[in-house]
Amino acid sequence: MNVKKVTALSLSTVIAGGLLAGCGTSDKPAAKETAKAIGTSTSKDTGSKEPVKLTFWFPGADKANDEYFNNAAKEFEKLHPNVTIETTVLPSAAEDIDTKLNSAKLSGTMPDIFSAYLAFMGSRGARGDFAQLDAYMDKWDQKADIMDSALNAGKYQNKTLGLGFFPAPEILTYRKDYFQEAGLDPNKPPANWDELASYAEKLTKRDANGNVTRAGFDIPLTSADVFVEPFLRQNGAKLIDEGQSVPVLNDPKAVEGLKYLVDLNNKKVSIPYNYQKKDEIPFVSGKSAMSFLQTSGISNLIKNNPDLKDKLGFAPVLQKETKVGFNGYRLFTIGSTSKHKDESFEFIKFMMSNDQVWKRYKDLKIPVVKKSLGKQFTDEDPAFNSVLLDYVNNGKGKPVVPWLALYNKYIIQSYEEAISKKKTPEQALKDAQDSLQNELKNMAK
């Protein structure tokens, strides 16, 4: 099977050769200690347990990613001699995975364990494809050690359907050298909205005609749902009441948040671009001083321009009424039709052991999601990892609802209408709310 490389989520080469230079050998405990931590035994089973075959599906990425998950399955088999795990490497694209899952559901071959993108939690969760994990989680002595964002990411209508293990934040990245040019302290990035707006104006360069030649802050023109959502949430907006599964796009807090971005854009501190076209981000070509970047984007930037390693700075999560950034997730789930849910959760426990969480960081540069590993993680690279951990702790991804595609459509539409001045922020969000509600009513008929 051909495996596409995941650039949006993979951290396999993040900050190569520099910011995460401490990544060497695994520092993993002995197998006996690992087994003790997850509540199993290293001794060979005498045959008292019936043989069990588990199927484990995960999205493909690069060679290191695929090898890690295949090898982890083999390690689990050694600890549980009666268990065999059949792994399947899926395509990386969500739509391709969805097609594969649809076929598996029709044929009754859904996997026991599935590494799911966050978007699947609402769409697949609403269809009952994932087993509820609450009863297992409540009996697990490691639950309290899991970071809240990883626990909350897998909840659908207050039921735990998945456990987050692969955070994918977008980090406010800035050029220290541009800060110095503008008379700003390169070690003091913006911490709130007022500072972001002030810095953006000071950092912007224009030609004699007033055209922006170097942006102070990247404000996208199109496809900006992931960009705008954190700002609205920072102002206290819900966007969606996930408990009631209803949209609240026209919340006054959301209107105020969108107005902030529109007003800042009207000050001409940015160069228009499409947020989905990562290679066209002005910051990447040196034409901007501040931008939100995926971790893979930061890695590629340094790989292609090694001299930037010491010129990049990373700002903690911005705060207004509340502190929240964007942080997507992949999650471990168990198929609702699995005949081996107990063994499947044992595998998830193994994958969430400190040994495996740390190994994923060492091998794949995936941020840790265990509280007990937080200090060890930040000590590896204080400047970057402390900020990365801030986004993991205070991040939220896409809403977990079955109609996520419709929501995305209207949050993008309202942003583009407001940022292009076709509508006021208030009117754009009101129209989006009305249209989304109407579509949902029609779906319910």
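Placed above this text is the structure.
Throughout what follows, the structure given in this document is the object of discussion.

Here is what the cut-offs are and how they apply
- Residues numbered from 1 in each chain as written.
- Predicted model: local features only at pLDDT ≥ 70, side-chain atom pairs only at ≥ 80, totals over all residues.
- Heavy atoms only, no water.
- Helix = DSSP H or I, 4+ residues; strand = E, 2+ residues; numbered from the N terminus.
- Buried < 20%, exposed > 50% of the residue type's maximum accessible area, 1.4 Å probe, protein only.
- Lys, Arg positive; Asp, Glu negative; His and termini not counted.
- Salt bridge = Lys/Arg side-chain N within 4 Å of Asp/Glu carboxyl O.
- Polar contact = N/O pair within 3.5 Å; in protein donor to acceptor, adjacent residues only side chain to side chain.
- Contact = heavy atoms within 4.5 Å.
- Phe/Tyr/Trp six-rings, centres within 6.5 Å; stacked < 30°, edge-to-face > 60°.
- Lys NZ or Arg CZ within 6 Å of the ring centre and 35° of its normal.
- Expected span 1.5 Å × (residues − 1).
- Pairing = 2+ DSSP bridges.
- Axes fitted to C-alpha atoms, helices over the stretch in contact; angles between N-to-C directions.
- Parallel < 35°, antiparallel > 145°, perpendicular 65-115°, else oblique.
- Left-handed = near helix turned anticlockwise from the far one by under 90°.
- Nonpolar A, V, L, I, M, F, W, Y, C, P; charged D, E, K, R; others polar.
- Core = buried A, V, L, I, M, F, W, Y, C linked by side-chain atoms within 4.5 Å.

Of note, arginine 360 is situated in helix H13 (residues 354-364). Buried charge without a partner: arginine 360 forms no salt bridge, and the closest opposite charge is aspartate 355, 9.4 Å away. There is a polar contact of 2.7 Å between the side chain of arginine 360 and the backbone oxygen of methionine 351. Setting aside anything within four residues of it in sequence, one finds arginine 360 in contact with Tyr68, Phe165, Met351, Met352, Lys365 and Ile366.

What follows covers the side chain of asparagine 235. Residue position: asparagine 235 is located in the loop between helix H9 (225-234) and strand S9 (239-241). Reaching out from asparagine 235, the side chain makes a polar contact with the backbone oxygen of lysine 253 at a distance of 2.8 Å. One polar contact links asparagine 235 to glutamate 256, side chain to side chain, over a distance of 2.7 Å. Setting aside its immediate chain neighbours within four residues, asparagine 235 contacts Trp193, Lys253, Glu256, Gly257, Lys320 and Glu321.

Tallied over the entire structure, the rule returns 33 aromatic pairs. Consider the rings of phenylalanine 227 and phenylalanine 231, whose centres lie 5.4 Å apart with planes at 50°: the pair is tilted. Note that phenylalanine 227 and phenylalanine 231 are positioned in helix H9 at a spacing of four residues, about one turn of the helix. Residue phenylalanine 227 shares its accessibility class with phenylalanine 231, and that shared class is buried. An aromatic cluster is built from Phe56, Phe58, Tyr68, Phe69, Phe76, Phe165, Phe166, Phe332, Phe347 and Phe350, whose rings are joined through pairwise contacts. Of note, lysine 100 hangs over the ring of tryptophan 57, and the distance from its end group to the ring centre comes to 5.3 Å. A cation sits over an aromatic face here: arginine 175 above tyrosine 178, 4.1 Å from the ring centre.

The next point concerns helix H16 (residues 404-419). Spanning 16 residues, H16 covers 22 Å between terminal C-alpha atoms, matching the ideal 22 Å at 1.5 Å per step. Listing the buried residues of H16 in full gives Leu404, Leu406, Tyr407, Asn408, Tyr410, Ile411, Ser414, Tyr415, Glu417, Ala418 and Ile419. Contacts from the buried residues of H16 go to helix H4 (119-126), H9, S9, helix H10 (252-266) and helix H17 (425-444). Note on H16: the residue one or two positions beyond its end, lysine 421, has a positive phi of about 70°.

Looking now at the pattern of salt bridges. According to the stated counting rule, one finds 27 salt bridges in the structure shown. Among the salt bridges present, the one from lysine 205 reaches glutamate 181, with a minimum N-O distance of 3.5 Å. Within this pair, whereas lysine 205 is found in strand S7 (residues 205-206), its partner glutamate 181 is found in helix H7 (residues 176-181), the two being separated by 24 residues in sequence. Among the ionic pairs, aspartate 307 bridges to lysine 311, the shortest N-O distance being 4.0 Å.

For strand S11 (residues 290-294), the tally of buried residues reaches five of five residues, placing the bulk of the element in the interior. Burial along S11 is two-sided: Met290, Phe292 and Gln294 facing one way and Ser291 and Leu293 facing the other are all buried. Direction of pairing for strand S6 (residues 163-175) relative to S11: antiparallel, over a ladder of five bridges. Pairing of isoleucine 171 across the sheet is with leucine 293, part of S11.

Below, the discussion takes up the packing of H10 against H16. Close contact between H10 and H16 brings their axes to 9 Å; oriented N to C, the two are set at 40°. The angle between H10 and H16 falls in the class oblique. Crossing angle aside, the handedness with which H10 passes H16 is right-handed. Where H10 approaches H16, its residues Leu258, Leu261, Val262 and Asn265 are matched on the opposing element by Ser414, Tyr415, Ala418 and Ile419. Looking at the contact of H10 with H16 residue by residue, the classes come out as six nonpolar, two polar and no charged.

A separate point is the nonpolar core. Phe217, Phe227, Phe231 and Met290 are the most contacted members of the largest nonpolar core, which has 132 residues in total. With eight residues, the top contributor of residues to this core is H16.

This part covers the environment of asparagine 408. Take asparagine 408: it is sitting in helix H16. Along the chain, asparagine 408 and valine 226 lie 182 residues apart, while their C-alpha atoms are 9.2 Å from each other. Beyond its immediate stretch of four places on either side in the chain, asparagine 408 contacts Asp225, Glu229 and Lys398.

Since there are 3.6 residues in each turn of an α-helix, residues three or four apart along the chain are aligned in direction. With respect to burial, H9 is a largely interior element, ten of its ten residues being buried. Listed as buried for H9 are Asp225, Val226, Phe227, Val228, Glu229, Pro230, Phe231, Leu232, Arg233 and Gln234. Where H9 terminates, the next one or two residues include glycine 236, which has phi positive at roughly 100°.

Now for the environment of tyrosine 68. Note on placement: tyrosine 68 falls in helix H2 (residues 63-79). On the accessibility criterion, tyrosine 68 (4% relative accessible area) is buried. Along the sequence, tyrosine 68 and leucine 364 sit 296 residues apart, while their C-alpha atoms lie 8.2 Å from each other. Dropping the residues within four chain positions of it, tyrosine 68 is found in contact with Met351, Gln356, Lys359, Arg360, Asp363 and Leu364. Here the side chain of tyrosine 68 touches arginine 360 through a polar contact of 3.0 Å, side chain to side chain.

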